[in-house]
Amino acid sequence: MFRRFMWSIQEVLSNKKITIGFFILIAALSIFINGCGDSSEREYPASVTLFGGSGRAYIESPCKIIEKDGLVWADIVWSSKYYDYMVVDGERYEVIKGEGNSEFIIPVELGKEISFQADTTAMGTPHLIDYTAVFTKIDKDSIGSEEKNTERASKTITYSKSVSLDKVDIEGLKYISTDQNEYATCFRIYRYSDDCVLIAVRDGRKYLLLPKDCKESFSVPEKVSVLKVPITNIYLGASAVMSQFDSIGAIDSIKFVATKKDDWYIDSVLHAMDNDLIKYGGKYSAPDYETLVASKVDAAIENTMILHSPKVTEKLEKLGIPVFIDWSSYEDSVLGRLEWIKVYGILTGREDSADKAFAEQITQIKDLDIQDIESKSVVVFSLNSNHQIVTKKKNDYLVKMIECAGGKYLLPKETKEDSRSQMTISIEAFYSYAKDADIIIYNGVIEDAPDTLEELKNMDITFKNLKAVKNGNVWCVDKALYQYTSKTGTITSNIYDVLKNGKEKTQFLYKLSN
């Protein structure tokens, strides 16, 4: 109300016929609302996680949070210029006038899901689209980031720098050894007597895994979660982890998922859902508690998005369903992310299969002879509905796999260092650095890819002048790519085959032809 009142005052002040008496009235009202002293105001950044819509639009993250007079406002900027108003809690908020993408100031509540609508004219006629967002304050002394499943939005989750991955003393159990990770830095595995295992992860959580026949004749330390293994009745909220289970033959351990059938690309999952062996158990932030309890689910495996919905974790655990949070997407190395397969091997009693699957993927990368590639330059992009280029940054996993395959990744020179793995730029900016790239990869994960090279040329006139387009060196990545984290070695090898031999069809990439 205060902000609307002040905007109304500004409109009135623009009228030159205002009398002096009216000025006095305005001053009196301002003092009445704000008090005689200065009202306190604080500004700080917050990460934004957005759900809903087609997934093509996003809100820039981090955004600016403004606290004033006991109210919390978010100054948000969309990835599109076509949003003309928003509706929050039944109140309509108009776009802030100016050039560039649509900007709004809306009321928010930090750390909680907020539902709202945004009206867009991008499709010709206006459409009021439903969204849900979470705004999370970013502390200066905290670090961490989470990229969206489909890589469309930037997310930031904070955790303490002082978090320890050290083992804990468990009275009644004897510590035996520590597994040595080859690449992963976000988890550690400790072995104890009686076949007990402790897994420590980067957010400070620790999980004690006990054989199902273990009698627990010992004292479990406070804040250590207990899971009985092997777990065979899982609710999987972390969709990117499914391929890890698939690669070790543990799909049968998954009974419920937080992703509907139409959004899966893994054949074994589709087959299981067709035969009711895996069922939809509600989205990660709103699981079907009644069904999960009735089905005796013995664990929920979530990604870090669940940290935005702490009440879900609390309720699941209160219902007797332990929650394990996967942090694999925070690994700096693609091989570190892959190594999390060892964790799921332990959870499902398939350690040997996990070690074998991990070794096979690592070997595919180690066997690559990248010396002959001579650092072929590569760009990755897609064209969004606003006719803007969406491209990858250096911290993206696809980019890291390109570099592992010997490619030289190109991106704008003035790229900012932040947690986001992608950015949106103009076609002109894209052309300035991509015009001489040897290879172009169209990112079909985010946007529907063109069917032919000619179709790509028709998307924008400047594409015809790109060196890679002229030479016919354009490939697309398959939509299923992001669901196959267990295939890091295979994907890297596919990229290598494209860079070295120009292979037209691989498991995850295919060449565009006329």
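About the cut-offs
- Residues numbered from 1 in each chain as written.
- Predicted model: local features only at pLDDT ≥ 70, side-chain atom pairs only at ≥ 80, totals over all residues.
- Heavy atoms only, no water.
- Helix = DSSP H or I, 4+ residues; strand = E, 2+ residues; numbered from the N terminus.
- Buried < 20%, exposed > 50% of the residue type's maximum accessible area, 1.4 Å probe, protein only.
- Contact = heavy atoms within 4.5 Å.
- Areas by Shrake-Rupley, 256 points an atom, 1.4 Å probe, with all protein chains shown as cover.
- Pairing = 2+ DSSP bridges.
- Core = buried A, V, L, I, M, F, W, Y, C linked by side-chain atoms within 4.5 Å.
- Axes fitted to C-alpha atoms, helices over the stretch in contact; angles between N-to-C directions.
- Parallel < 35°, antiparallel > 145°, perpendicular 65-115°, else oblique.
- Left-handed = near helix turned anticlockwise from the far one by under 90°.
- Nonpolar A, V, L, I, M, F, W, Y, C, P; charged D, E, K, R; others polar.
- Arc of directions from axis to C-beta.
- Phe/Tyr/Trp six-rings, centres within 6.5 Å; stacked < 30°, edge-to-face > 60°.
- Lys NZ or Arg CZ within 6 Å of the ring centre and 35° of its normal.
- pLDDT = per-residue confidence, 0-100.

Colleague: Mind showing me how you'd approach the overall build of the chain here?
Modeller: Helices and strands together make up the secondary structure of the chain, namely 14 helices and 29 strands. By the burial criterion, 51% of the 514 residues in the chain qualify as buried. Look at the contacts in the chain between residues 6 or more apart in sequence, and 60% of them connect residues 24 or more apart. When the accessible surface of the chain is summed, it comes to about 24600 Å², and 48% of that surface belongs to carbon and sulfur atoms.

Colleague: What is the right way to look at the pairing of strand E28 (residues 474-477) in this model?
Modeller: Look at any regular strand and the pattern is simple: side chains alternate between the two faces of the sheet. Side-chain alternation along E28 places Val 474 and Cys 476 on one buried face and Trp 475 and Val 477 on a second face that is also buried. Both strand E27 (residues 439-443) and E28 contribute to a ladder of 4 bridges, which runs parallel. Within the sheet, the bridge partner assigned to Ile 441 lies in E28 and is Trp 475. As judged from the 3 bridges shared by E28 and strand E29 (residues 509-511), these two strands associate in the antiparallel manner. Across the sheet, the residue bridging to Trp 475 is Lys 511, located in E29.

Colleague: What's the story with the nonpolar core in this structure? I'm lost.
Modeller: Met 242 and Phe 430 are the most contacted members of the largest nonpolar core, which totals 114 residues. Discounting residues that sit within four places of it in the chain, Phe 430 has contacts with Val 379, Phe 381, Ile 389, Ile 425, Phe 463 and Leu 466. Residues Ile 65, Ala 74, Tyr 93 and Ala 118 belong to the second largest nonpolar core, which totals 29 residues.

Colleague: What should I look at first to understand the sheet that holds strand E18 (residues 234-236) in this one?
Modeller: Whenever strands of a sheet pair, they do so through backbone hydrogen bonds, lying parallel or antiparallel. Spatial strand order, E20-E19-E18-E21-E22: 5 strands in an open sheet with parallel pairing. The open sheet terminates on both sides in strands that have one partner only, identified here as strand E20 (279-280) and strand E22 (323-326). Pairing analysis gives 3 bridges linking E18 to strand E19 (residues 254-257), with the strands arranged parallel. If you follow Leu 236 over to E19, its bridge partner there is Val 257.

Colleague: Looking at this structure, I do not really get the packing of helix H9 (residues 351-366) against helix H14 (residues 488-501). What am I missing?
Modeller: Interaxial distance between H9 and H14 falls to 7 Å at its minimum, and their mutual angle equals 20°. It follows from the interaxial angle that H9 and H14 lie roughly parallel. Crossing handedness for the pair H9 and H14: left-handed. Residue-level inspection shows Gln 361, Gln 364 and Ile 365 of H9 in contact with H14, the latter providing Thr 488, Gly 489, Thr 490, Thr 492 and Ser 493. Tallied by class, the residues present in the contact of H9 with H14 amount to 1 nonpolar, 7 polar and no charged.

Colleague: Help me understand helix H4 (residues 267-274) in this model?
Modeller: Every α-helix winds through 3.6 residues per turn, so residues three or four apart in the chain are directed the same way. Inspection of H4 places Val 269, Ala 272 and Met 273 among the buried residues, and these make up the whole buried set. Seen end-on, H4 carries its buried residues on one side only, within an arc spanning 95°. Exposed residues on H4 whose side chains face more than 90 degrees from its buried face are Asp 267, His 271 and Asp 274. Structurally, H4 contributes buried residues whose contacts are with helix H3 (242-247), E19 and E20. The first or second residue beyond H4 is Asp 276, which carries a positive phi of 60°.

Colleague: How should I be thinking about the packing of aromatic side chains in this particular structure?
Modeller: The geometry of an aromatic ring pair comes down to the distance between the two centres and the angle between the two planes. Here the structure, examined in full by the defined rule, presents 17 aromatic pairs. Pairing Phe 381 with Phe 430 gives two aromatic rings, centres 4.7 Å apart and planes at 35°, and the pair type is tilted. Remark: Phe 430 occurs in helix H11 (residues 427-434) and Phe 381 occurs in strand E23 (residues 377-383); sequence separation between them is 49 residues. Accessibility expressed as a relative area gives 1% for Phe 430, which makes it buried. Both rings, one in Phe 430 and one in Phe 463, keep their centres 6.5 Å apart while their planes meet at 85°; by these two values the pair is edge-to-face. Pair noted here: Phe 430 is in helix H11 and Phe 463 is in the loop between helix H12 (453-459) and helix H13 (467-470), with a separation of 33 residues, a long-range link. For Phe 463, a relative accessible area of 1% gives the class buried. Here Arg 92 stacks its cationic end above the ring of Tyr 85, 3.6 Å away from the centre of that ring. In this structure, Lys 167 is placed above the aromatic ring of Tyr 175, and the distance from its NZ or CZ to the ring centre is 4.7 Å.

Colleague: Explanation requested: unusual backbone geometry in the structure shown.
Modeller: Where the residue is not glycine, phi is negative for most of them; where a peptide bond is considered, it is trans in most cases. A cis amide bond links Ser 61 to the next residue, Pro 62, at an omega of 5°. With respect to the element layout, Pro 62 can be found in the loop between strand E1 (41-52) and strand E2 (63-68). The residue after Val 229, namely Pro 230, is reached through a cis peptide bond having omega 0°. The residue Asp 194 is not glycine, and still its phi comes out positive at about 60°. Take Asp 194: its relative accessible area is 51%, and that puts it in the exposed class. Backbone geometry at Asp 276 places phi at a positive 60°, although glycine is not the residue there. Position of Asp 276 among the secondary structure elements: in the loop between H4 and E20. The exposure class assigned to Asp 276 is exposed, which follows from its relative accessible area of 53%.

Colleague: So what exactly am I meant to see when it comes to H11 here?
Modeller: For H11, the set of buried residues is Ile 427, Phe 430, Tyr 433 and Ala 434. Projected down its long axis, H11 shows its buried positions confined to an angular sector of 140°, all on one face. Those residues of H11 that are buried lie in contact with E23, strand E24 (389-392) and strand E26 (422-425).

Colleague: Which parts of the structure should I look at to understand the confidence of the model for the chain?
Modeller: Interpretation of the predicted coordinates at a detailed level should be avoided for regions scoring low in pLDDT. Per-residue confidence for the chain averages 85 on the pLDDT scale, and 84% of its residues sit at or above 70. Every residue in residues 1-20 is under pLDDT 50, and counting partners more than four places away or in other chains gives 17 contacts. Across residues 141-162 the pLDDT falls below 50, and counting only partners more than four positions away or on other chains, this stretch makes 75 contacts in the model.

Colleague: Would you explain the sheet that holds strand E15 (residues 197-201) in this entry?
Modeller: Judged by pairing direction, the sheet is mixed, and its 5 strands sit side by side in the order E13-E14-E15-E16-E17 without closing on themselves. On the outer flanks of this sheet lie strand E13 (175-178) and strand E17 (224-229), each paired with one strand and no other. Each adjacent strand pair in this sheet contributes to an overall mean axis angle of 25°, direction not counted. Bridge count between E15 and strand E16 (residues 206-211): 4 bridges; the pairing is antiparallel. When the sheet's bridge partners are listed, Leu 198 is paired in E16 with Leu 208.

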